[in-house]
Amino acid sequence: ARDALDKCLAVRKAINASPAKIAEVQFARGVLTFCIAEAIGAEHLFKRTPNKKVSADALYAEAMTLFNEVYEDWRGRLGESSLETVKAITMIGTLLHRLQGAQAGMEWYRKELKIREELQGEMHPRTQQARRMYTSLLDAKLQAERRAGGPQNQPGVVRGSSSASQSQMSAAAAAAGVAGPAAPSPMAIDGQPK
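Residues numbered from 1 in each chain as written. Predicted model: local features only at pLDDT ≥ 70, side-chain atom pairs only at ≥ 80, totals over all residues. Heavy atoms only, no water.

Points about helix α5 (residues 106-120)
Rules: The helix count covers DSSP runs of H or I at least four residues long, the strand count covers runs of E at least two residues long, and both are numbered beginning at the N terminus. Multiplying 1.5 Å by the helix residue count minus one yields the expected span of that helix. Residue exposure (1.4 Å probe, protein chains only): buried if accessible area is under 20% of the type maximum, exposed if over 50%, otherwise partly exposed. In this analysis, two residues are considered to be in contact whenever any of their non-hydrogen atoms come within 4.5 Å of each other.
Compared with the 21 Å implied by 1.5 Å per residue over 15 residues, the 20 Å span of α5 between its first and last C-alpha is a close match. Along α5, the residues that are buried comprise M106, W108, Y109, E112, L113, I115, R116 and E117. Against the buried residues of α5 lie α3 (52-78), α4 (83-100) and α6 (125-147). Where α5 ends, the next residue or the one after it, G121, has phi of about 85°, a positive value.

Digging into the packing of aromatic side chains
To be explicit about the condition: Within 6.5 Å between ring centres, the rings of Phe, Tyr and Trp (the latter by its six-membered ring) count as paired, and their orientation is classed by plane angle as stacked under 30 degrees, edge-to-face over 60, tilted in between. Lysine and arginine charges are scored as sitting over a ring when NZ or CZ, respectively, is within 6 Å of the ring centre and within 35 degrees of the ring normal.
For the structure on display, the rule yields four aromatic pairs. Their ring planes at 65° and their centres at 5.3 Å tell us that F27 and F67 sit as a pair that is edge-to-face. Taken together, the residues F27 in helix α2 (residues 19-41) and F67 in helix α3 connect sequence positions 40 residues apart. Across the pair, F67 and F27 agree in class, each one buried. Taking the ring centre of F27 as reference, the NZ or CZ of K87 above it sits at 5.1 Å.

Focus: α2
Between the first and last C-alpha of α2 there are 32 Å, a value that for 23 residues agrees with the 33 Å anticipated at 1.5 Å per step. At the C-terminal side of α2, E43 shows a positive phi close to 65°.

Points about the pattern of salt bridges
Heads up, the rule is: Salt bridges are counted wherever a side-chain nitrogen of Lys or Arg sits within 4 Å of a carboxyl oxygen of Asp or Glu.
Overall, the coordinates contain 12 salt bridges when judged by the stated rule. Across the salt bridge formed by E24 and R12, the nearest N and O atoms sit 3.2 Å from each other. Residue E24 is found in helix α2, and its partner R12 is found in helix α1 (residues 2-14); the two are separated by 12 residues along the sequence. D57 is the salt-bridge partner of K53, the closest N and O atoms lying 2.8 Å from each other. Residue K53 and its partner D57 are located together in helix α3, separated by four residues, close to a single helical turn. Among the ionic contacts, a cluster of salt bridges with common partners joins R12, K21 and E24.

Section: the packing of α4 against α5
The criterion, for reference: What counts as an axis is a line fitted to C-alpha atoms, over the stretch in contact for a helix, and the angles between N-to-C directions run from 0 to 180 degrees. Throughout, the term roughly parallel applies to angles under 35 degrees, roughly antiparallel to angles over 145, roughly perpendicular to angles from 65 to 115, and oblique to all others. By the definition used in this description, the sense in which the near helix is turned from the far one sets the handedness, with an anticlockwise turn below a right angle giving left-handed and a clockwise turn giving right-handed. Gly falls in the polar group here, along with every residue not listed as nonpolar (Ala, Val, Leu, Ile, Met, Phe, Trp, Tyr, Cys, Pro) or charged (Asp, Glu, Lys, Arg).
Viewed as axis vectors pointing N to C, α4 and α5 meet at an angle of 155°, and their least axial separation amounts to 8 Å. The angle between α4 and α5 places the two elements in the roughly antiparallel class. Judged by the sense of rotation from one axis to the other, the crossing of α4 with α5 is left-handed. Across from L83, V86, I89, T90, I92, G93, T94, L96 and H97 in α4, the residues of α5 making contact are W108, Y109, K111, E112, I115, R116, L119 and Q120. By residue class, the composition of the contact of α4 with α5 is nine nonpolar, five polar and three charged.

Spelled out as structure tokens, the structure:
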């Protein structure tokens, strides 16, 4: 598959294909590279590779380069709020999560959720999935801050014991502009009224 995509890219470049056609192949190359990294990390491929994490991380970095290139192209041609662009946003958030930890992808997950809500509506399965991911990361961040003593005087941060109630977590999510699991928020993710 990798060889076929490399050949496809070479042909498209040789015939001066449109940026849209180049971006399609680059996105596919990014997805394939990401999947190979995942398979190596899960020990489904190259089981005898001595340092699987280094191999997987190198592939994640390669995929990140491809997705950043595609994101810039799609954002420039199609705008930030397009379904094509949001695919690249999703992958960049996922890769940052893999490479630098859960909180590194937080703003990209937030951006994905906002765009999906605008384009697909709150009840679309992909919007629901994006909301679950973002809310899960937000909850983990808030819990980690509580365990560490928490930031002082930050608006929207619920302080208290490390075993916060569901209503506290929902309040924190609502303060961040995200509908928590208990009740939907009437605010968009950027805090502006819908």
